[in-house]
Amino acid sequence: MSGDLEAHLPSRPTWRCRACGAAWPCSPAKLRLLAEYRGNMTGLLVYLATLREEAAEQLAELDSGARPDDLNKRFTEWVPIRSK
């Protein structure tokens, strides 16, 4: 992977991308994750669901305990799943 893609990591507790400032996972992070987990979308979903819960807790602490509503879409709904 190029160094540019590797730089797109989350900054905790805000969960913004360290490289571009977008909500993480940003588009470059998604591309990197899809490449890393090619052939293992189930593993990617488990990883992202774990991070989603971590982000929910940290973002709630920043916002008086209110959990963000869009975290499913942001963290997991973009992962392609094939039906057999």
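Residues numbered from 1 in each chain as written. Predicted model: local features only at pLDDT ≥ 70, side-chain atom pairs only at ≥ 80, totals over all residues. Heavy atoms only, no water.

Asker: Teacher, can you tell me more about helix H3 (residues 41-62) here?
Answerer: For an α-helix the count is 3.6 residues per turn, leaving residues at separations of three or four pointing the same way. Counted at 1.5 Å a residue, the expected span for H3 with its 22 residues is 32 Å, and the 31 Å between its end C-alpha atoms agrees. Taken residue by residue, H3 has Met 41, Leu 44, Leu 48, Leu 51, Arg 52, Ala 55, Ala 56, Gln 58, Leu 59 and Ala 60 as its buried positions. Lining the buried residues of H3 we find helix H2 (27-36) and helix H4 (71-75). Directly beyond the C-terminal end of H3, a positive phi value near 55° is found at Ser 64. (Helix = DSSP H or I, 4+ residues; strand = E, 2+ residues; numbered from the N terminus. Expected span 1.5 Å × (residues − 1). Buried < 20%, exposed > 50% of the residue type's maximum accessible area, 1.4 Å probe, protein only. Contact = heavy atoms within 4.5 Å.)

Asker: Can you help me understand the pattern of salt bridges in this one?
Answerer: Proximity of charged atoms lets side chains of opposite charge pair with each other. Scanning the model with the defined rule gives three salt bridges in all. Its salt-bridge partner being Glu 54, residue Arg 12 comes within 2.6 Å of it at the nearest N-O pair. Taken together, the positions of Arg 12 in the loop between strand S1 (10-11) and strand S2 (16-17) and Glu 54 in helix H3 put the pair 42 residues apart, joining distant regions of the chain. Of the charged contacts, one joins Glu 53 and Arg 52 as a salt bridge, the two residues approaching to 3.1 Å between their closest N and O atoms. (Salt bridge = Lys/Arg side-chain N within 4 Å of Asp/Glu carboxyl O.)

Asker: What is the right way to read the environment of Thr 50 from this model?
Answerer: When you line up the elements, Thr 50 lands in helix H3. With 42 residues separating them in the primary sequence, Thr 50 and His 8 have C-alpha atoms 18 Å apart. Polar side-chain contacts of Thr 50 include one of 2.9 Å to the backbone oxygen of Val 46. (Polar contact = N/O pair within 3.5 Å; in protein donor to acceptor, adjacent residues only side chain to side chain.)

Asker: What is the right way to look at the packing of aromatic side chains in this model?
Answerer: Aromatic rings in a pair are described by how distant their centres are and how their planes are angled relative to each other. What the rule picks out here adds up to four aromatic pairs. A centroid spacing of 5.9 Å and a plane angle of 20° characterise the contact between Tyr 37 and Tyr 47, whose relative ring orientation is stacked. One end of the pair, Tyr 37, is in the loop between H2 and H3; the other, Tyr 47, is in helix H3, with ten residues separating them in the sequence. By way of ring pairs, the aromatic residues Trp 15, Trp 24 and Phe 75 are connected into one cluster. (Phe/Tyr/Trp six-rings, centres within 6.5 Å; stacked < 30°, edge-to-face > 60°.)

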